[in-house]
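Commentary on secondary and tertiary structure
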Protein chains: 2
Amino acid sequence: MGRKKVEIKRIEDRSSRQATFSKRRSGLMKKANQLSILCDVDIAVVVFSSRGRLFEFSSTNRFLLLFPNKEITLFCVVFI
Amino acid sequence: MGRKKVEIKRIEDRSSRQATFSKRRSGLMKKANQLSILCDVDIAVVVFSSRGRLFEFSSTNRFLLLFPNKEITLFCVVFI
DNA sequence: GACTCTATTTATAATTA
DNA sequence: TTAATTATAAATAGAGT
(Lines give C-alpha, C1' and ligand atoms only; values in the text may rest on other atoms or scores of the structure.)
Protein backbone atom coordinates (compact mmCIF):
# COMPACT_ATOMS: atom_id res chain seq x y z
CA MET A 1 0.00 0.00 0.00
CA GLY A 2 2.84 2.32 -0.67
CA ARG A 3 5.63 3.03 -3.05
CA LYS A 4 7.30 -0.25 -2.22
CA LYS A 5 6.30 -3.61 -0.89
CA VAL A 6 7.19 -3.83 2.78
CA GLU A 7 8.36 -6.97 4.50
CA ILE A 8 6.59 -7.55 7.80
CA LYS A 9 9.46 -7.46 10.27
CA ARG A 10 10.65 -4.97 12.87
CA ILE A 11 11.60 -1.62 11.33
CA GLU A 12 15.07 -0.96 12.66
CA ASP A 13 15.31 2.74 11.78
CA ARG A 14 13.91 4.66 14.70
CA SER A 15 12.25 7.53 12.86
CA SER A 16 10.82 5.28 10.16
CA ARG A 17 9.41 3.04 12.84
CA GLN A 18 7.84 6.02 14.59
CA ALA A 19 6.34 7.35 11.35
CA THR A 20 4.91 3.97 10.44
CA PHE A 21 3.58 3.52 13.97
CA SER A 22 1.70 6.80 13.75
CA LYS A 23 0.19 6.09 10.34
CA ARG A 24 -0.71 2.46 10.84
CA ARG A 25 -2.06 3.00 14.35
CA SER A 26 -4.40 5.58 12.92
CA GLY A 27 -5.37 3.18 10.13
CA LEU A 28 -6.05 0.36 12.59
CA MET A 29 -8.34 2.49 14.73
CA LYS A 30 -10.18 3.66 11.61
CA LYS A 31 -10.70 0.08 10.47
CA ALA A 32 -11.93 -0.93 13.93
CA ASN A 33 -14.40 1.94 13.92
CA GLN A 34 -15.68 1.06 10.44
CA LEU A 35 -16.10 -2.61 11.33
CA SER A 36 -18.02 -1.78 14.50
CA ILE A 37 -20.43 0.45 12.57
CA LEU A 38 -20.86 -1.65 9.42
CA CYS A 39 -21.46 -4.87 11.32
CA ASP A 40 -22.95 -3.50 14.52
CA VAL A 41 -20.44 -5.17 16.82
CA ASP A 42 -18.45 -4.10 19.86
CA ILE A 43 -14.71 -3.69 19.45
CA ALA A 44 -11.90 -2.61 21.70
CA VAL A 45 -8.34 -2.05 20.54
CA VAL A 46 -5.48 -1.33 22.89
CA VAL A 47 -1.97 -0.47 21.75
CA PHE A 48 1.05 -0.02 23.99
CA SER A 49 4.04 1.73 22.53
CA SER A 50 7.49 0.58 23.55
CA ARG A 51 7.68 3.57 25.88
CA GLY A 52 4.49 2.55 27.63
CA ARG A 53 2.20 5.06 25.99
CA LEU A 54 -1.28 3.69 25.56
CA PHE A 55 -3.61 4.19 22.62
CA GLU A 56 -7.08 2.78 22.63
CA PHE A 57 -10.24 2.57 20.62
CA SER A 58 -13.57 1.43 21.97
CA SER A 59 -16.75 1.32 19.95
CA THR A 60 -18.97 1.36 22.98
CA ASN A 61 -19.33 2.20 26.63
CA ARG A 62 -20.09 -1.48 27.20
CA PHE A 63 -16.35 -1.65 27.57
CA LEU A 64 -14.96 -0.08 30.67
CA LEU A 65 -11.46 1.18 30.10
CA LEU A 66 -9.65 1.24 33.39
CA PHE A 67 -6.45 3.16 33.89
CA PRO A 68 -5.34 2.53 37.44
CA ASN A 69 -2.46 4.98 37.29
CA LYS A 70 -0.18 6.77 34.89
CA GLU A 71 2.46 4.10 35.10
CA ILE A 72 0.00 1.67 33.59
CA THR A 73 1.34 -1.48 35.14
CA LEU A 74 -2.10 -2.97 34.86
CA PHE A 75 -4.68 -2.11 32.30
CA CYS A 76 -8.10 -3.65 31.89
CA VAL A 77 -10.75 -3.79 29.24
CA VAL A 78 -13.87 -5.07 30.92
CA PHE A 79 -16.90 -6.09 28.91
CA ILE A 80 -19.98 -5.34 31.00
CA MET B 1 -11.46 -1.17 -1.67
CA GLY B 2 -14.03 -3.01 -3.63
CA ARG B 3 -16.30 -2.79 -6.62
CA LYS B 4 -18.21 0.08 -5.09
CA LYS B 5 -17.60 2.74 -2.52
CA VAL B 6 -19.30 1.79 0.72
CA GLU B 7 -20.93 4.23 3.09
CA ILE B 8 -19.96 3.58 6.69
CA LYS B 9 -23.29 2.77 8.28
CA ARG B 10 -24.91 -0.40 9.56
CA ILE B 11 -25.37 -2.99 6.80
CA GLU B 12 -29.03 -3.93 7.03
CA ASP B 13 -28.93 -7.08 4.91
CA ARG B 14 -28.13 -9.93 7.24
CA SER B 15 -26.00 -12.08 4.97
CA SER B 16 -24.08 -9.12 3.57
CA ARG B 17 -23.39 -7.95 7.10
CA GLN B 18 -22.16 -11.41 8.05
CA ALA B 19 -19.93 -11.65 4.97
CA THR B 20 -18.46 -8.23 5.60
CA PHE B 21 -17.93 -9.05 9.26
CA SER B 22 -15.95 -12.13 8.36
CA LYS B 23 -13.78 -10.37 5.79
CA ARG B 24 -13.11 -7.16 7.69
CA ARG B 25 -12.56 -8.91 11.02
CA SER B 26 -9.86 -10.94 9.36
CA GLY B 27 -8.40 -7.78 7.84
CA LEU B 28 -8.39 -5.98 11.19
CA MET B 29 -6.55 -8.79 12.94
CA LYS B 30 -4.02 -8.91 10.11
CA LYS B 31 -3.40 -5.17 10.39
CA ALA B 32 -3.00 -5.45 14.16
CA ASN B 33 -0.47 -8.24 13.72
CA GLN B 34 1.51 -6.27 11.13
CA LEU B 35 1.59 -3.15 13.28
CA SER B 36 2.77 -5.07 16.32
CA ILE B 37 5.63 -6.61 14.34
CA LEU B 38 6.68 -3.59 12.26
CA CYS B 39 6.73 -1.23 15.22
CA ASP B 40 7.52 -3.66 18.01
CA VAL B 41 4.50 -2.78 20.13
CA ASP B 42 1.93 -4.74 22.10
CA ILE B 43 -1.60 -4.84 20.76
CA ALA B 44 -4.81 -6.50 21.83
CA VAL B 45 -7.98 -6.50 19.81
CA VAL B 46 -11.27 -7.86 21.08
CA VAL B 47 -14.40 -8.16 18.97
CA PHE B 48 -17.81 -9.23 20.20
CA SER B 49 -20.35 -10.25 17.62
CA SER B 50 -23.99 -9.41 18.22
CA ARG B 51 -24.57 -13.01 19.27
CA GLY B 52 -21.87 -12.77 21.89
CA ARG B 53 -19.18 -14.65 20.03
CA LEU B 54 -15.76 -13.35 20.86
CA PHE B 55 -12.81 -12.90 18.52
CA GLU B 56 -9.48 -11.72 19.79
CA PHE B 57 -5.98 -10.95 18.71
CA SER B 58 -3.07 -10.47 21.06
CA SER B 59 0.47 -9.78 19.96
CA THR B 60 1.99 -10.97 23.19
CA ASN B 61 1.58 -13.05 26.28
CA ARG B 62 2.04 -9.83 28.25
CA PHE B 63 -1.70 -9.66 27.81
CA LEU B 64 -3.67 -12.14 29.81
CA LEU B 65 -6.92 -12.98 28.11
CA LEU B 66 -9.39 -14.09 30.73
CA PHE B 67 -12.53 -15.96 29.82
CA PRO B 68 -14.39 -16.56 33.05
CA ASN B 69 -17.04 -18.72 31.40
CA LYS B 70 -18.64 -19.50 28.08
CA GLU B 71 -21.40 -16.97 28.55
CA ILE B 72 -18.78 -14.23 28.60
CA THR B 73 -20.59 -11.78 30.79
CA LEU B 74 -17.25 -10.41 31.81
CA PHE B 75 -14.12 -10.43 29.76
CA CYS B 76 -10.78 -8.96 30.63
CA VAL B 77 -7.61 -8.04 28.83
CA VAL B 78 -4.99 -7.50 31.47
CA PHE B 79 -1.64 -5.98 30.64
CA ILE B 80 0.95 -7.51 32.98
C1' DG C 1 -21.59 -19.28 5.86
C1' DA C 2 -16.91 -20.02 3.60
C1' DC C 3 -13.92 -19.81 -0.94
C1' DT C 4 -12.45 -17.66 -5.52
C1' DC C 5 -11.98 -13.87 -8.67
C1' DT C 6 -11.01 -9.25 -9.91
C1' DA C 7 -12.44 -4.40 -10.55
C1' DT C 8 -12.12 -0.85 -7.72
C1' DT C 9 -11.40 1.64 -3.59
C1' DT C 10 -8.45 2.53 0.21
C1' DA C 11 -4.19 2.62 2.89
C1' DT C 12 0.22 3.90 2.98
C1' DA C 13 5.74 4.18 1.69
C1' DA C 14 8.49 7.30 -0.12
C1' DT C 15 8.93 11.85 -1.32
C1' DT C 16 8.35 16.71 -1.19
C1' DA C 17 7.07 21.14 0.89
C1' DT D 1 9.79 18.60 12.14
C1' DT D 2 5.04 18.25 10.79
C1' DA D 3 2.06 18.20 7.03
C1' DA D 4 0.75 17.26 2.19
C1' DT D 5 1.41 14.63 -2.14
C1' DT D 6 1.36 10.72 -5.05
C1' DA D 7 2.62 6.27 -6.89
C1' DT D 8 1.83 1.85 -5.64
C1' DA D 9 0.63 -2.13 -2.67
C1' DA D 10 -3.08 -4.07 -0.28
C1' DA D 11 -7.85 -4.72 1.11
C1' DT D 12 -12.24 -5.73 -0.17
C1' DA D 13 -17.34 -5.34 -2.54
C1' DG D 14 -19.93 -7.81 -5.31
C1' DA D 15 -20.64 -11.77 -8.11
C1' DG D 16 -20.21 -16.43 -8.91
C1' DT D 17 -19.32 -21.41 -6.62
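Residues numbered from 1 in each chain as written. Chains lettered and ligands numbered in written order. Predicted model: local features only at pLDDT ≥ 70, side-chain atom pairs only at ≥ 80, totals over all residues. Heavy atoms only, no water.

This part takes up the side chain of Gln34(A). Among the structural elements, Gln34(A) can be located in helix α1 (residues 14-39). Take Gln34(A): its relative accessible area is 14%, and that puts it in the buried class. (Helix = DSSP H or I, 4+ residues; strand = E, 2+ residues; numbered from the N terminus. Buried < 20%, exposed > 50% of the residue type's maximum accessible area, 1.4 Å probe, protein only.)

Moving on, we come to unusual backbone geometry. All names here are of chain A. A positive phi angle, close to 60°, is found at aspartate 40, a residue other than glycine. Positionally, aspartate 40 belongs in the loop between α1 and β1 (42-48). Exposure remark for aspartate 40: the relative accessible area of 41% places this residue in the partly exposed category.

Turning next to the confidence of the model for chain A. All names here are of chain A. In the predicted model, chain A carries a mean pLDDT of 80, and 75% of its residues have values of at least 70. The spread of mean pLDDT over the elements of chain A runs between strand β4 (residues 76-79), the lowest at 57, and α1, the highest at 92. Taken together, the stretch residues 68-74 has pLDDT below 50 and engages in nine contacts with residues farther than four places along the chain or on a different chain. (pLDDT = per-residue confidence, 0-100. Contact = heavy atoms within 4.5 Å.)

Residue and element names in this part refer to chain B. Two strands pair when backbone bridges link them, and strand β1 (residues 42-48) and strand β2 (residues 54-58) are joined in this way by five bridges, in the antiparallel orientation. Bridge pairing links phenylalanine 48 to leucine 54 in β2. Once β1 ends, the chain turns through five residues before running back antiparallel as β2, passing glycine 52 with a positive phi of about 85°. (Pairing = 2+ DSSP bridges.)

Quick look at a nonpolar patch on the surface now. Together, Val6(A), Ile8(A) and Ile37(B) line one region of the surface with nonpolar side chains, adding up to about 210 Å² of accessible area. Position of Ile8(A) among the secondary structure elements: in the segment before α1. Ile8(A) gets classed as partly exposed once you look at its relative accessible area, which sits at 33%. (Patch = residues over 30% accessible without salt bridge, like charges linked within 9 Å, V, L, I, M, F, W, Y side chains within 5 Å. Areas by Shrake-Rupley, 256 points an atom, 1.4 Å probe, with all protein chains shown as cover. Salt bridge = Lys/Arg side-chain N within 4 Å of Asp/Glu carboxyl O.)

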